[in-house]
Amino acid sequence: MATKLPTRPLGKTGLEITPVGIGAWAIGGEAWGPQDDKVSVDAIRHAVARGINWIDTAAIYGLGHSEEVVGEALRQISHEERPLVFTKCGLVWPEETPERKHVRRSGKAESVRREAEASLKRLGVEVIDLFQMHWQPEDAPIEEYWQAMLDLKQEGKVRHVGLSNHDVAALEAAEAVGHVETLQPPFSMIRRDSGATVLPWCLEHGTGTLVYSPMQAGLLSGAFSAERVANLPDSDWRKKDVQFTDNLDKNLALVDALRPIAAKHETSVGTIALAWALTWPGLTAAIVGARSPEQVDGWIGAASLALDGEDLTAITAAIRATGAGSGPVEPF
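Everything quoted here is computed from the prediction, not taken from an experiment.

**Considerations on the layout of surface pockets**
Argument step 1. Taken as a whole, the second largest pocket holds about 410 Å³ of empty space.
Argument step 2. For the second largest pocket, the lining is made up of 15 residues, of which W93, E95, R114, E115 and A118 are closest to its centre.
Argument step 3. For the lining of the second largest pocket, the secondary structure elements donating two or more residues are β6 (91–92) and α3 (109–123).
Argument step 4. A per-class count over the lining of the second largest pocket returns 6 nonpolar, 3 polar and 6 charged.

**Quick word on the pairing of strand β9 (residues 158–164)**
Argument step 1. Judged by how many residues are buried, β9 sits mostly within the fold: 6 of 7 residues are covered.
Argument step 2. Bridge count for strand β8 (residues 128–133) against β9 is 5 bridges, and the pairing is parallel. Bridge pairing in β9 links M133 to L163.
Argument step 3. Following the chain from β8 across helix α4 (residues 142–155) to the adjacent parallel β9, one finds a crossover that is right-handed.
Argument step 4. With helix α5 (residues 168–175) bridging β9 and its parallel neighbour strand β10 (residues 182–184), the resulting β-α-β unit is right-handed.

**What to know about helix α6 (residues 198–205)**
Argument step 1. Regarding α6, the residues found buried are V198, L199, W201, C202 and H205. One face of α6 carries all of its buried residues, which in axial projection span an arc of 160°.
Argument step 2. Residues of α6 that are buried sit in contact with α5, β10 and β11 (208–211).
Argument step 3. Following α6 by one or two positions, G206 has its phi on the positive side, about 70°.

What counts and what doesn't
- Residues numbered from 1 in each chain as written.
- Predicted model: local features only at pLDDT ≥ 70, side-chain atom pairs only at ≥ 80, totals over all residues.
- Heavy atoms only, no water.
- 1 Å grid on protein atoms, 1.4 Å probe; cavity = no way out; pocket = protein on both sides within 12 Å on 5 of 7 lines; lining within 4 Å.
- Points joined across faces, edges and corners; volume = space filled by probe spheres on them.
- Helix = DSSP H or I, 4+ residues; strand = E, 2+ residues; numbered from the N terminus.
- Nonpolar A, V, L, I, M, F, W, Y, C, P; charged D, E, K, R; others polar.
- Buried < 20%, exposed > 50% of the residue type's maximum accessible area, 1.4 Å probe, protein only.
- Pairing = 2+ DSSP bridges.
- Right-handed = clockwise from strand over helix to strand, strands pointing away.
- Arc of directions from axis to C-beta.
- Contact = heavy atoms within 4.5 Å.

This is the structure:
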């Protein structure tokens, strides 16, 4: 029996989801380096046992492999405890050359439909709980791909539809066609720009939000040092990311400033970073990656942790003092 965690309404979908969900990018392998599928399945099952009720994945993660691993995990979980499954479309690759260098963005209606069918098969489910457009495509207007997604919902192949990595102008264009049920933007204590743009829009329009990289790809977990970053394998995309290179000193200084707050609550720095993100108006829940059961245990406490005014004031001061990140330093 799964442990109970608090839940929040996901916009107007009628779904009640836990404030944190498990992100399945890293379990696809590829951009994050080698990953043991059995450990990935164990991580998902452990997250569900601890009360998390949704998983976020995408067709592009591991070129379909992440969805296959999620599908294997679902087969090992009872129907009563099965988590909601959210996936994304819009990044496609030719079957004859399944390599990332051949990936392109597509929003053609026939592509959206083909991708939905492929995801259903890889996940081994009859319906996708939430189907999202991953990035704004290069080959089709928003009216075309958004209508295609609304049609899939009408047909019952997906329960709900949303967008990911779309700005306010794109959201407005989609909303004119049909309600945008969810948005998946980046957001963290370091990358705060969405707090000034899309989060207020989503709050106003009743759009649920699932923010990604709330621990800035692990940088806010408290487990990184300059030495560990330097020793990342060349295959790890973070090796060239600006937050792990040019901005590393500021970001690590911010992490150090969070340690006394974590100690006060007897928890991890990563949990504090997540709990802070979850205080923002318009932010429904956060997607958190986990490659092992132990990583789940390292941040799941954020689902129930309430930061007090003293904590929030200290965090605001730390962001300003270190100069880490960009965007508003406190909730609007």
